[in-house]
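# Chains, contacts and geometry: an overview
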2 protein chains.
Amino acid sequence: MATQDRLIESTQELLWERGYVGTSPKAIQQRSGVGQGSMYHHFTGKPDLAAAALRRSAEQMRAVAEADLAGPGTAHERIAAYLHRERDVLRGCRIGRMAQDPDVVADPQLRAPVEETFDWLRGRIAGLIAEGQAAGEFAAAADPADTAAALVAVVQGGYVLARAADSAEPFERAVRGALGLLAAHRAD
Amino acid sequence: MATQDRLIESTQELLWERGYVGTSPKAIQQRSGVGQGSMYHHFTGKPDLAAAALRRSAEQMRAVAEADLAGPGTAHERIAAYLHRERDVLRGCRIGRMAQDPDVVADPQLRAPVEETFDWLRGRIAGLIAEGQAAGEFAAAADPADTAAALVAVVQGGYVLARAADSAEPFERAVRGALGLLAAHRAD
DNA sequence: GTCTATACCCGGATAGAC
DNA sequence: GTCTATCCGGGTATAGAC
């Protein structure tokens, strides 16, 4: 693997595990096996490398979500597949985690991939809900964009509750609860 | 105000703004106006002081939530009041934020107040939902604990989406979306 | 109780040799 | 491209004087 890729991949992992403030250049060098000079040759510094890592994580998250959302089945089934996807719940969301870090939120280069990912995800799910409404699969009363925001929030908040409890259970409850409420909306 | 209280209060603020890793003893001393020696006289170190600050924040969060949840009105109205409470959305939740920090999650002293707060909140809301079901106000199909977890997760996840977007809008959408789904569950 | 001095390692980066 | 040396400040604390 190319040196840049090893740096980016190690940075992705560390950002996920320890956040932006908690991730040091030295730790990145150790995990990637890339030396100091080499790292600063390929990237101008920590923010630059973190931005590259976040862009890649955002791409990957999008691809993984799209795999479920574009799958077979009704809108409800595809949303349920997304929510029930197997996850390492206690690790949390590598993109959502960044939203807690003030240094990330303050830097447009770092915040952009985070913002874009959630904008896309909310829009994608809102589209599915609208589709389901058009097909008579959901009641038409709910606003698709609001409902989509709620569903995405349940996942992100589910991670918070799971980490707080040091157990995946609250995440699973939240997802079941959300799908239960959504089911009540089905037109049939 | 007593020296301890100034230290605790400043630590509460800094933990909220910058998280545990992002909060240094030096910053606490500067914000509180308390000197180095004084700080280490009253607390054994950063974890000790952070634990005291988190316990206090947990108490306060609980009191604020209880004010809405124990208010007048039906179960649905009280839950809606809690969800719609005026918030400085972009600041996020001072307790939920801690769940992202690996050093907090790894230290039982620090994680305990976080875990207890969310356990209490989920239980309190689950009780309200059960009450509403008994009164015929909600359909009996939904599991109260699951639904409560979903509602709490919507709030926590709403903060994540809002900070990602640098706007309160996604939070408000998520709350509206959740209440919209909940409304569909009303027995009438 | 509070102050100043001191310690030691880490964070984040630059410089210049190879 | 990569390595080692060097820099300066900050993080987190201890020691001992007042």
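In this report, we go over the structure that sits alongside the text.

What counts, and where the lines are drawn
Residues numbered from 1 in each chain as written. Chains lettered and ligands numbered in written order. Predicted model: local features only at pLDDT ≥ 70, side-chain atom pairs only at ≥ 80, totals over all residues. Heavy atoms only, no water. Helix = DSSP H or I, 4+ residues; strand = E, 2+ residues; numbered from the N terminus. Buried < 20%, exposed > 50% of the residue type's maximum accessible area, 1.4 Å probe, protein only. Contact = heavy atoms within 4.5 Å. Areas by Shrake-Rupley, 256 points an atom, 1.4 Å probe, with all protein chains shown as cover. Lys, Arg positive; Asp, Glu negative; His and termini not counted. Charge placed at Lys NZ, Arg CZ, Asp CG, Glu CD. Expected span 1.5 Å × (residues − 1). Axes fitted to C-alpha atoms, helices over the stretch in contact; angles between N-to-C directions. Parallel < 35°, antiparallel > 145°, perpendicular 65-115°, else oblique. Nonpolar A, V, L, I, M, F, W, Y, C, P; charged D, E, K, R; others polar. Near = heavy atom within 4 Å. Polar contact = N/O pair within 3.5 Å; in protein donor to acceptor, adjacent residues only side chain to side chain. Salt bridge = Lys/Arg side-chain N within 4 Å of Asp/Glu carboxyl O. Least-squares fit on C-alpha atoms with pLDDT ≥ 70 in both. Buried area = accessible area lost by both parts, 1.4 Å probe.

## Some remarks on the overall build of chain A
When you go through chain A residue by residue, the secondary structure sums to nine helices and zero strands. Counting from the amino terminus, helix and strand elements in chain A follow one another as α-α-α-α-α-α-α-α-α. The principal-axis extent of the C-alpha atoms belonging to chain A is close to 65 × 30 × 30 Å. Across the 188 residues of chain A, 53% fall into the buried class. Taking all contacts inside chain A whose residues are at least 6 apart in sequence as the whole, residues at least 24 apart take part in 68%. Total accessible area computed for chain A in this model is approximately 7700 Å², and 49% of it derives from carbon and sulfur atoms. Counting 21 positive and 25 negative side-chain charges, chain A places the centres of these two groups 5 Å from one another.

## Re helix 4 (residues 46–69) of chain A
The first and last C-alpha atoms of helix 4 of chain A sit 34 Å apart over 24 residues, in line with the 34 Å expected at 1.5 Å per residue. All buried positions along helix 4 of chain A are accounted for by Leu-49, Ala-50, Ala-51, Ala-52, Ala-53, Leu-54, Ser-57, Ala-58, Met-61, Ala-65, Asp-68 and Leu-69 of chain A.

## A word on the environment of Ala-150 of chain B
Take Ala-150 of chain B: it is sitting in helix 8 (residues 144–165). Ala-150 of chain B sits 28 residues away from Ala-178 of chain B along the chain, and the two C-alpha atoms are 8.6 Å apart. For Ala-150 of chain B, the residues in contact, after removing those within four places along its chain, are Val-154, Ala-174, Gly-177 and Ala-178 of chain A.

## A short note on the packing of helix 5 (residues 75–84) of chain B against helix 7 (residues 108–134) of chain B
Residues and elements named next belong to chain B. It is the contact of helix 5 with helix 7, at a shortest axis distance of 8 Å, that shows an interaxial angle of 150 degrees. The orientation of helix 5 with respect to helix 7, classified from their angle, is roughly antiparallel. Here Ala-75, Arg-78, Ile-79 and Tyr-82 of helix 5 come into contact with helix 7, specifically with Leu-121, Arg-124, Ile-125, Leu-128, Ile-129, Glu-131 and Gly-132. Per-class residue counts for the contact of helix 5 with helix 7 are seven nonpolar, one polar and three charged.

## Let's talk about the protein's contact with DNA strand D
Neighbouring residues of DNA strand D: 15 residues in total, closest Ser-38 and His-42 of chain A together with Pro-25, Gln-36 and Lys-46 of chain B. Here DNA strand D approaches the protein such that, of its atoms within 4 Å, sugar and phosphate make up 56%. Contacts to DNA strand D include Thr-3 of chain A, whose side-chain N or O atom sits 3.4 Å from a phosphate oxygen. Side-chain polar atom of His-42 of chain A to a phosphate oxygen of DNA strand D: 2.8 Å apart, as the coordinates give it. The set of elements that each furnish at least two residues to the surface near DNA strand D consists of helix 3 (36–42) of chain A together with helix 2 (25–32) and helix 3 (36–42) of chain B. When residues of the surface near DNA strand D are assigned to their parent elements, the largest contribution, five residues, is made by helix 3 of chain A.

## Things to note about the pattern of salt bridges
Counted under the stated rule, the structure contains 24 salt bridges over all chains. Among the ionic pairs, Arg-78 of chain B bridges to Glu-131 of chain B, the shortest N-O distance being 3.4 Å. With Arg-78 of chain B in helix 5 and Glu-131 of chain B in helix 7, this pair connects stretches of sequence that are 53 residues apart. Under the relative-accessibility criterion, Arg-78 of chain B is labelled buried at 13%. Glu-169 of chain B is the partner of Arg-173 of chain B in a salt bridge, and the nearest nitrogen-oxygen pair spans 2.7 Å. Of this pair, Arg-173 of chain B and Glu-169 of chain B are both found in helix 9 (residues 169–184), four residues apart, which corresponds to roughly one turn of the helix. With a relative accessible area of 39%, Glu-169 of chain B lands in the partly exposed category. In the salt-bridge network here, residues are joined through shared partners; they are Asp-143 and Asp-146 of chain A together with Glu-169, Arg-173 and Arg-176 of chain B.

## Description of the relation of the copies chain B and chain A
Least-squares fitting of chain B to chain A yields an RMSD of 0.0 Å, with the transformation described by 0.0 Å of translation along the axis and a rotation of 180 degrees. In short, the pair behaves as if placed about a two-fold rotation axis. The C-alpha atom lying nearest the rotation axis in chain B is that of Gly-157 of chain B; the distance is 1.9 Å. Both copies contact each other with a shared surface, as 100% of the interface residues of chain B are interface residues in chain A too.

## Structural notes on the interface of chain B and chain A
The figure often quoted for interface size is the accessible area lost as the parts come together. Opposite the 45 residues of chain B that make contact, chain A presents 45 residues. Buried surface at the junction of chain B and chain A, both sides included, amounts to about 3900 Å², of which 64% is carbon and sulfur. When the area that chain B buries against chain A is broken down by residue, the three leading residues are Gln-100, Arg-163 and Leu-181 of chain B, summing to 18%. Residue Asp-103 of chain A pairs with Arg-18 of chain B through a salt bridge whose shortest N-O separation is 3.5 Å.

In short, geometric facts, not functional conclusions.
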